[in-house]
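Okay, here's what each chain looks like letter by letter:
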Amino acid sequence: MGLLDILLGRTKPVAPDLDQLFALPSAAITLQVAMGFTPTGEGAVCFATVEGAAFEQAHREVQELLDADAERSGPPVELRRDDYGYSWLVSRRSPDQLPQLVNDLHAVNSTLETNGFGPQLLCSLAGFTGDSGRRLALVYLYKRGTFYPFAPLPGGGERRDNALELQVKSVLAGDLRIEQDLSRWFPVWGAPGL
């Protein structure tokens, strides 16, 4: 970063650190003990929709890599498009297999990044459920290297439980690199795994 960048207030972008995803299992224990939320076993990687043969090849690589897991039952990765035009690669595991789910998310991100699709990667998330059917996702922002909680209110509609999100932020501050800029806590309405 040069002097001109400093004078103009520009900052150097944070390099993605996919290894941050491996902090999710310990954060899940904290979340369960402190707030009663448990993993759903569902997670997803979101990216700007990509078309073409190169992406199809990368998707096949991810599929083959995760198909090699003998403990998995059912399809390892499902490609979905949401109502907002984004694509999601969704992985499902049993709720007690969060470390394996994190490995899946890391493998999907790494494969897409290695194949030149890093700029299209947006976020990854792992789903959690609490008492009374409350839903929560821990969202990893690929371009920021940070996490934030997203908690839609039950009953449909696009409303979030801001109080719960702030409570989760404080509970997990010691376990995850939490995004401090609340304006970057983007809603992920209709995200798979929620």
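Let us look at the structure shown here.

1. A short note on the packing of aromatic side chains
Part 1 of the argument: Here the structure, examined in full by the defined rule, presents 3 aromatic pairs.
Part 2 of the argument: Seen in terms of ring centroids, F150 and W189 are 5.1 Å apart; in terms of plane orientation they differ by 75°. Their pairing is edge-to-face. With F150 in strand β6 (residues 146-150) and W189 in the segment after α5 (162-172), the pair connects residues that are 39 residues apart, well separated along the chain. Both residues of the pair, F150 and W189, belong to the buried class.

2. Focus on the pattern of salt bridges
Side-chain pairing between opposite charges can occur once the charged atoms of the two side chains come close.
Part 1 of the argument: For the coordinates displayed, the defined rule picks out 8 salt bridges.
Part 2 of the argument: For D131, the salt bridge goes to R134, with nearest N and O atoms at 3.4 Å.
Part 3 of the argument: The class for R134 is partly exposed, based on a relative accessible area of 25%.
Part 4 of the argument: The partner of D181 in a salt bridge is R184, with the nearest N and O atoms 3.7 Å apart.
Part 5 of the argument: Take R184: its relative accessible area is 32%, and that puts it in the partly exposed class.
Part 6 of the argument: Through salt bridges with shared partners, a single ionic network connects E78, R80 and R92.

3. With respect to the nonpolar core
It is characteristic of soluble globular proteins that their nonpolar side chains tend to be buried jointly.
Part 1 of the argument: Counting 55 residues, the largest nonpolar core has L31, W88, L112, F128, L176 and V188 as its most contacted members.
Part 2 of the argument: Discounting chain neighbours no more than four positions away, the residues touching V188 are W88, C123, L125, V139, Y148, F150 and L194.

4. A closer look at α5
Part 1 of the argument: When α5 is considered as a whole, its buried residues turn out to be L164, E165, V168 and L172. Buried positions in α5, seen along its axis, are confined to an arc of 100° and lie on one side of it. Exposed and facing more than 90 degrees away from the buried side of α5 are A163 and S170.
Part 2 of the argument: Buried positions along α5 lie against α2 (24-35), β5 (135-141) and β6.

5. A short note on the side chain of S91
Part 1 of the argument: Looking at the secondary structure, you find S91 in strand β3 (residues 86-92).
Part 2 of the argument: Judged by its relative accessible area of 2%, S91 falls in the buried class.

6. So, the pairing of β5
Part 1 of the argument: With 6 of its 7 residues buried, β5 lies for the most part within the structure.
Part 2 of the argument: Judged from the 7 bridges that link them, strand β4 (residues 121-129) and β5 form a sheet pairing that is antiparallel. Paired with A126 across the two strands is L138, which belongs to β5.
Part 3 of the argument: Where β4 folds back onto β5 in an antiparallel hairpin, the turn is made up of 5 residues, including S132, whose phi is positive at roughly 60°.
Part 4 of the argument: Of the pairings in the sheet, the one linking β5 to β6 comprises 5 bridges and is antiparallel in character. When the sheet's bridge partners are listed, A137 is paired in β6 with F150.

7. Concerning the layout of surface pockets
Part 1 of the argument: Roughly 360 Å³ of internal volume is contained in the largest pocket.
Part 2 of the argument: Taken together, 17 residues form the lining of the largest pocket, with L122, C123, F186, P187 and V188 sitting closest to its centre.
Part 3 of the argument: Listed by contribution, the elements that provide at least two residues to the lining of the largest pocket are β3 and β4.
Part 4 of the argument: Looking at the lining of the largest pocket, its residues break down into 13 nonpolar, no polar and 4 charged.
Part 5 of the argument: Here the second largest pocket is characterised by a volume of approximately 180 Å³.
Part 6 of the argument: P152, L153, G157, W189 and L194 are the residues nearest the centre of the second largest pocket, which is lined by 16 residues in total.

So, how was this worked out
Numbering of residues starts from 1 in every chain and runs along the sequence as written. Totals for whole chains, interfaces and linings use every residue, but because this is a predicted model, local features are given only for residues with pLDDT of at least 70 and side-chain atom pairs only at 80 or more, for both listing and counting. Based on all heavy atoms of the structure, the side-chain values leave hydrogens and waters out of the count. When the centres of two rings from Phe, Tyr and Trp lie within 6.5 Å, Trp using its six-membered ring, the rings pair. Their planes under 30 degrees apart give stacked, over 60 give edge-to-face, and anything left gives tilted. Under the scheme used here, helices are H or I runs from DSSP no shorter than 4 residues and strands are E runs no shorter than 2 residues, and both carry numbers assigned from the N terminus. Classification of residues uses two cut-offs on accessible area relative to the type maximum, computed with a 1.4 Å probe and protein chains only: under 20% is buried, over 50% is exposed, and between them is partly exposed. Between Lys or Arg on one side and Asp or Glu on the other, a salt bridge is scored when a side-chain nitrogen of the former is within 4 Å of a carboxyl oxygen of the latter. As used in this record, nonpolar core signifies buried Ala, Val, Leu, Ile, Met, Phe, Trp, Tyr and Cys residues forming a set joined through side-chain atoms within 4.5 Å. When checking whether two residues touch, look at their non-hydrogen atoms; a contact exists if any pair is within 4.5 Å. Throughout, the arc means the angular range of directions from the helix axis out to the C-beta atoms. Pairing between strands is defined by DSSP: at least two bridges between the two strands are required. Cavity means a closed set of points on a 1 Å grid over the protein atoms alone, one where a 1.4 Å probe fits but cannot get out, pocket means an open set with protein on both sides within 12 Å along at least 5 of 7 lines, and lining means a residue has an atom within 4 Å of a point. Grid points are joined across faces, edges and corners, and a volume is the space filled by probe spheres set on the points. As a working rule, the residues Ala, Val, Leu, Ile, Met, Phe, Trp, Tyr, Cys and Pro are called nonpolar, Asp, Glu, Lys and Arg charged, and the rest polar, with Gly in that last group.

Structural measurements only, silent on function.
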